[in-house]
Amino acid sequence: MFKEKRPMTERVQFWFDVSCPFCWQTSRWMKEVEKVRDIDIEWIPMSLSVLNEGRDIPEGYAKAMEANWGPARVFAKVKAEAPEKVDALYTAMGILVHPGGQGGKKGYGAYDEVIAEALAQVGLPAEYAEVANTDAVDEALRAYHATAMAEVGDDVGTPVVKLGDTAFFGPVITRVPTGEEAGEIFDAAVRLAAYPHFFELKRSRTEDPQV
């Protein structure tokens, strides 16, 4: 009797910076995909603060990049020491930052309270927050960030998503698909990624993330 072949688990690597609202929307799509497809996601920190070091950027944005060091450093420590908690911590902190309205902070240490609350929510030691305002884990953070840049180049931001053997910046979405629609969009992205000569799709964006 013919036996239907079951699809293999699709491996996904997702590089994120919790401060980015576009990255947040894409990550929530991936969480929807988890419900309808057999996928295994590895969540990996990257850093917009690292990406923008030495660049000529507006003063307000520079202050936001100062603030973003804190959460990124905490994620680097968690990734190194408790990688099974990265997913839950990203969800907890992302909810505070995006739908919770606590994003867009500026200046070093601006996310200290958000970090402490998110760590407590997922049962991680409060001591993890101590790295937020030091350079103790910067080498590790830069190394995680470098793995994303090695996949796609350094002229992109977050998210970086690797589907199978191919990584891209994006997909950039402003609203989160759910159910089978989320799965179908994922299937399409995987198929595009499997074609070795596909590089880019882009159009003008007409709305901000609808969190």
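Small disclaimer: the values here were computed from a predicted structure and weren't measured. (Residues numbered from 1 in each chain as written. Predicted model: local features only at pLDDT ≥ 70, side-chain atom pairs only at ≥ 80, totals over all residues. Heavy atoms only, no water.)

Peer 1: Which residues make up unusual backbone geometry, and what values do they have?
Peer 2: Across the junction of Thr158 and Pro159, the peptide omega takes the value 0 degrees, indicating a cis bond. The amide bond that connects Gly170 to the next residue, Pro171, takes the cis arrangement and shows omega of 5 degrees. Residue placement: Pro171 occurs in the loop between β4 (166-169) and α7 (179-194). (Helix = DSSP H or I, 4+ residues; strand = E, 2+ residues; numbered from the N terminus.)

Peer 1: Let's hear about the pattern of salt bridges: which residues, and what values?
Peer 2: For the coordinates displayed, the defined rule picks out 14 salt bridges. Note that Lys31 and Glu34 form a salt bridge whose closest N and O atoms lie 2.8 Å from each other. With Lys31 and Glu34 both in helix α1 (residues 21-36) and three residues apart, the pair spans about one turn of that helix. We classify Glu34 as partly exposed; its relative accessible area is 30%. For Glu53, the salt bridge identified is with Arg142, shortest N-O distance 2.5 Å. Taken as a pair, Glu53 in the loop between α2 (48-51) and α3 (59-81) and Arg142 in helix α6 (residues 138-152) lie far apart in primary sequence, 89 residues in all. Each member of the salt-bridge network shares a partner with another, and the members are Arg11, Glu42 and Lys79. (Salt bridge = Lys/Arg side-chain N within 4 Å of Asp/Glu carboxyl O. Buried < 20%, exposed > 50% of the residue type's maximum accessible area, 1.4 Å probe, protein only.)

Peer 1: Hey, could you go over the sheet that holds strand β1 (residues 10-16) for me, with residue numbers and the actual values?
Peer 2: Read across the open sheet, the four strands follow the order β2-β1-β3-β4; overall the sheet is mixed. Because the sheet does not close on itself, it has two edges, and the strands there are β2 (39-45) and β4. In this sheet, neighbouring strand axes are inclined to one another by 20 degrees on average, regardless of whether the strands run parallel or antiparallel. The pairing of β1 with β2 spans seven bridges and is parallel. Among the inter-strand pairings, Phe16 is bridged to a residue of β2, identified as Pro45. Along the sheet, α1 contacts β1, β2 and β3 (160-163); its crossing angle with β2, the most-contacted strand, is approximately 155 degrees. (Pairing = 2+ DSSP bridges. Axes fitted to C-alpha atoms, helices over the stretch in contact; angles between N-to-C directions. Contact = heavy atoms within 4.5 Å.)

Peer 1: Go over the nonpolar core, please, and point to the residues and values.
Peer 2: Nonpolar side chains tend toward joint burial in soluble globular proteins. Counting 66 residues, the largest nonpolar core has Met30, Leu89, Met93 and Phe186 as its most contacted members. For this core, the element with the highest residue contribution is α3, accounting for nine residues. Once residues within four sequence positions are removed from consideration, Phe186 is found in contact with Glu10, Val12, Trp29, Met30, Val33, Arg37, Ile39 and Leu163. (Core = buried A, V, L, I, M, F, W, Y, C linked by side-chain atoms within 4.5 Å.)

Peer 1: Which residues make up the pairing of β1, and what values do they have?
Peer 2: Of all seven residues that make up β1, five are buried, and the element is covered over most of its length. With α1 bridging β1 and the parallel β2, this β-α-β connection has right-handed handedness. Two strands pair when backbone bridges link them, and β1 and β3 are joined in this way by four bridges, in the antiparallel orientation. Bridging from a neighbouring strand, Trp15 pairs with Val160 of β3. (Right-handed = clockwise from strand over helix to strand, strands pointing away.)

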